[in-house]
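Residue strings, one per chain:
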Amino acid sequence: MTKPVVLIAEELSPATIDALGPDFDVRHVDGTDRPALLSALADAHAVLVRSATKIDSEAIDAAPSLKVVARAGVGLDNVDIKSATAAGVMVVNAPTSNIISAAELTVGHVLSLARRIPAAHASLAQGLWKRSSFTGTELFEKTIGIIGLGRIGALIAARLQAFDMHVIAYDPYVTATRAQQLGVQLVSLDELLEQSDFVTIHMPKTPETTGMIGAEQLRRMKKTAYVINVARGGLIDEDALYDALTSGEIAGAGLDVFSTEPPAEDGPARKLLDLPNVVVTPHLGASTEEAQEKAGVSVARSVKLALEGDLVPDAVNVAGGAIDPFVRPGIALVEMLGQFFSGLADSALSSLDIEVRGELAAYDVSVYRLAALKGIFSRIVSETVSYVNAPLFAEQRGVETRLIVEAESPLYRNITILRGTLADGSTLTVAGTLAGTRMVPKVVAINGYDIEVPIERHHLVMRYADRPGIVAIYGQKLGEAGINIAGLQVAAPDATGRALSVLTVDSPVPDGILDAMREAVNADLFRQIEIVES
């Protein structure tokens, strides 16, 4: 069988090749050699690039078999997303590869400004010893204001809390509950500017955010305050910043990004470079060995998923979409709940509600519908089920699905409930959550019975008339068969006096033992469920 061709157009780490695995024909080309690139694209199914290779409409037209373009980094300026989308080509990047590097660089700028490290270094390197000229300030008990409490903002908050800084943030898309989890106080933008000793901005660059820190905002800051931007050039009005720095409205600035890069000789950013109270770096946010390797490995995994027909969380155009890190851990849980649900169902599924309750209601959880269907149909159809084709299986079988999202969740921080109607008219409900700091996937309810069972490979679920000695009966049967019970939960009896037991066992139970157990406990529901990792 011919392997899909993966074309690597720029130098990437060996770990990138390893992440692809042995199932692809990996080829190399110099992406800056245009004729060679176009020729190599002729039979490529995927192409991996960094920033030097242009994947434009001409390149996409030259690649009739192309399924995915992968940019080993965050930016996509060198990829024509519109042309790729029109051709049905998925575009992926590595949006989280540099978040630690960017957060650490921000902290570096904060420390450099507070202790005047670059200026002191330059002075000493010139042979001068001017200790009194470089008196700095401590971070201890100062206030850091973070504009944009996303992934990078949250990392910065955690790191600067270790300095005993008071952390406040402005982000209209973050809930108070989420901020509280991070130990951060949400405030308005004006309050943040007025209260902060250091202001760092971590917003995407959009028409709304371009120049969002201008003359009016800088005037609100303390005269002793500093502003830092390692996010996107243009978020701070550079002319207004120059005026604020030279007039003493603020104490200093740390800049890694500029409206034009490199700063033009006659541009507003160029004059900032000469100011003694400015610390500058040449867009180094992602410039660490670790970030570069993470980017390559991340897109290699995305390419592998795309060519295998699975969900690609980092796709930016077709058959995918950005998935918030707060949502992502629940995908595997919901897929496992789907398997659990399917294992308990007595007849075909007619309709399914996927209910997501709790703090997740503030996020886009539409991927959970795909995960639930993939889990359910992976136990039903003989074909390989993916996130791409699972909705098709549901449509073909006339299964109606709804995604219901509610903020109210009295018992759990977040809970996902699969509630289905079966062809025989009965209903089936399975609920689960991620528990604790380790985010352990658990089933927490089955058909109204409250339990709390970590999801493992092998489970037995049984319902029976509650009476003394039941546990001993099935414990004896399994013991005689040499099968270890790794966990056991018995839910309280319902109004009819029937109890529900969920056992976790170390290995599959043979059919003969299952029949003997079912008969011994006189169970009206008895299922063996195997959870298979995708």
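The residue count restarts for each chain, going from 1 along the sequence in the order it is written. Reporting of local features is limited, given that this is a predicted model, to residues whose pLDDT is at least 70; pairs of side-chain atoms are given and counted only at 80 or more, and all residues count toward the totals for whole chains, interfaces and linings. Side-chain numbers come from the whole structure's heavy atoms, not from hydrogens or water.

Draft legend 1. Looking closely at the overall build of the chain. Within the chain one finds 17 helices and 22 strands. Over its C-alpha atoms, taken along the principal directions, the chain stretches across nearly 90 × 60 × 40 Å. Across the 534 residues that make up the chain, the buried fraction comes to 46%. Only carbon and sulfur atoms are counted for the fraction: they give 51% of the accessible area of the chain, which is about 25100 Å². By definition, any uninterrupted DSSP run of H or I lasting at least four residues is a helix, any uninterrupted run of E lasting at least two residues is a strand, and each is numbered from the N terminus. Each residue's exposure class comes from its accessible area (1.4 Å probe, protein chains only) as a fraction of the maximum for that residue type: buried when under 20%, exposed when over 50%, partly exposed otherwise. Computed with a 1.4 Å probe, the accessible areas rest on the Shrake-Rupley method; for each residue, only the protein chains presented here act as cover.

Draft legend 2. Quick peek at a nonpolar patch on the surface. What makes a patch is a set of residues exposed beyond 30% relative accessible area and free of salt bridges, joined within 9 Å when like-charged and within 5 Å when nonpolar (Val, Leu, Ile, Met, Phe, Trp, Tyr). The rule for a salt bridge is simple: a side-chain nitrogen of Lys or Arg has to be within 4 Å of a carboxyl oxygen of Asp or Glu. Where nonpolar side chains cluster on the molecular surface, the patch consists of Val471, Ile485, Leu488 and Val490 and spans about 270 Å² of accessible area. Looking at the nonpolar patch element by element, the count peaks at 3 residues for strand S20 (residues 485-491). If you trace the backbone, Val490 turns up in strand S20. On the basis of relative accessibility, which here comes to 40%, the residue Val490 falls in the partly exposed class.

Draft legend 3. Region of interest: the pairing of strand S15 (residues 414-422). By the criterion of burial, S15 is predominantly enclosed, with 7 of the 9 residues buried. DSSP bridges decide pairing: two strands pair if at least two such bridges lie between them. Here S15 hands over to strand S16 (residues 427-435) after 4 residues, with Gly425 in that stretch at a positive phi of 90°.

Draft legend 4. Structural context of the nonpolar core. As used in this record, nonpolar core signifies buried Ala, Val, Leu, Ile, Met, Phe, Trp, Tyr and Cys residues forming a set joined through side-chain atoms within 4.5 Å. Judged by nonpolar contacts, the single largest core of 47 residues is most densely connected at Phe340, Phe341, Leu352, Tyr368, Ile446 and Val461. Apart from residues no more than four positions distant in its own chain, Ile446 is found in contact with Phe340, Leu344, Thr429, Ile451, Val461, Leu500 and Val502. Contacts are residue-level and defined by heavy atoms, with any inter-residue pair within 4.5 Å sufficient.

Draft legend 5. Structural view of the packing of aromatic side chains. Pairing of aromatic rings covers Phe, Tyr and the six-membered ring of Trp, with a centre-to-centre limit of 6.5 Å; geometry is then stacked below 30 degrees between planes, edge-to-face above 60, and tilted otherwise. The tally for this structure, following the rule as stated, stands at 2 aromatic pairs. To sit over a ring, a charge needs its Lys NZ or Arg CZ within 6 Å of the ring centre and within 35 degrees of the ring normal. It is Lys271 that lies over the ring of Tyr242; its NZ or CZ is 4.6 Å from the centre.

Draft legend 6. Looking closely at the sheet that holds strand S17 (residues 440-446). On the basis of which strands lie adjacent, the open sheet formed by 6 strands has the order S14-S13-S15-S16-S17-S18 and mixed pairing. If you trace the sheet from one side to the other, it starts and ends with strand S14 (400-406) and strand S18 (449-454), each paired once. Across the sheet, the mean angle separating the axes of adjacent strands is 20° when strand polarity is ignored. Relative to S16, S15 is paired through 6 bridges, and the arrangement is antiparallel. In the sheet register, Arg419 faces S16, and the bridge partner there is Thr429. Between N-to-C directions, angles cover 0 to 180 degrees, with each direction set by a line fitted to C-alpha atoms, over the stretch in contact for helices. Here helix H13 (residues 329-344) sits on the sheet in contact with strand S13 (349-358), S15, S16 and S17, set at roughly 150° to S16.

Draft legend 7. Seen up close, the environment of Gly183. Structurally, Gly183 can be placed in the loop between helix H8 (176-181) and strand S8 (185-186). For Gly183 and Ile455, which are 272 residues apart along the polypeptide, the C-alpha to C-alpha distance reads 31 Å. With residues near it in sequence (within four places) discarded, Gly183 still touches Gln161 and Val167.

Draft legend 8. Examining helix H17 (residues 511-521) more closely. Buried within H17 are the following residues: Leu514, Met517 and Val521. Down the axis of H17, the buried side of the element spans an arc of 65°, and every buried residue falls inside it. Turned more than 90 degrees away from the buried face of H17, the exposed residues are Asp511, Gly512 and Glu519. On its buried face, H17 is in contact with strand S19 (458-465), helix H16 (470-480) and strand S22 (525-530). The positive-phi residue at the C-terminal boundary of H17 is Asn522, with phi of around 55°. Directions drawn from the helix axis to the C-beta atoms are what define this arc.

Draft legend 9. Up close: a negative patch on the surface. A cluster of like negative charges, contributed by Glu104, Glu289, Glu290 and Glu293, occupies part of the molecular surface. With 3 residues, the top contributor of residues to the negative patch is helix H12 (residues 289-307). His residues and chain termini do not enter the charge count, which takes Lys and Arg as positive and Asp and Glu as negative. Where a charge lies is defined by one atom per residue type: Lys uses NZ, Arg uses CZ, Asp uses CG and Glu uses CD.

Draft legend 10. Structural detail: the side chain of Glu359. Among the structural elements, Glu359 can be located in the loop between S13 and helix H14 (367-377). Under the rule applied, a polar contact is a pair of N or O atoms within 3.5 Å (in protein, one hydrogen donor and one hydrogen acceptor; residues adjacent in sequence only if both atoms are side-chain atoms). Within polar-contact distance, the side chain of Glu359 engages the side chain of Arg413 at 2.8 Å. If we ignore the near neighbours within four places in the chain, the residues touching Glu359 are Thr177, Gln181, Phe326, Arg413 and Asn414.

Draft legend 11. The arrangement of the environment of His109 in detail. Relative to the helices and strands, His109 is located in helix H5 (residues 99-115). The buried category is assigned to His109, whose relative accessible area is 2%. C-alpha of His109 to C-alpha of Thr200: the two residues are 91 residues apart in sequence and 9.7 Å apart in space. Leave out the neighbours within four places in its chain, and His109 touches Ile228, Val230, Gly254, Leu255, Asp256, Val279, Val280 and Thr281.

Draft legend 12. Layout of the pattern of salt bridges. Applying the stated criterion to the full structure yields 22 salt bridges. With its nearest N and O atoms 3.6 Å apart, the salt bridge here joins Arg270 to Asp274. Of the residues examined, Arg270 reaches a relative accessible area of 23% and is grouped as partly exposed. Residue class for Asp274 comes out exposed when judged on its relative accessible area of 58%. With a shortest N-O distance of 2.7 Å, Arg402 and Asp353 are connected by a salt bridge. One end of the pair, Arg402, is in strand S14; the other, Asp353, is in strand S13, and 49 residues separate them in sequence.

Draft legend 13. Structural detail: the sheet that holds strand S10 (residues 226-229). The strand order across the open sheet built from 7 strands is S8-S7-S6-S9-S10-S11-S12, with neighbouring strands paired in parallel fashion. Two strands lie at the open edges of the sheet, namely S8 and strand S12 (278-280), each paired on one side alone. Relative to S10, strand S9 (residues 198-201) runs parallel, the two being bridged by 4 bridges. By the bridge assignment for S10, Phe198 is matched with Tyr226. Across the sheet, helix H7 (residues 151-161) touches strand S6 (143-147) and strand S7 (166-170), and the angle it forms with S6 is around 170°.

Draft legend 14. Geometry of the environment of Pro508. Following the sequence through the fold, Pro508 ends up in the loop between strand S21 (498-505) and H17. The sequence separation of Pro508 and Gln528 amounts to 20 residues, and the corresponding C-alpha distance is 8.2 Å. Non-local contacts of Pro508, meaning those with residues more than four positions away in its chain, are made with His458, Ile483 and Gln528.

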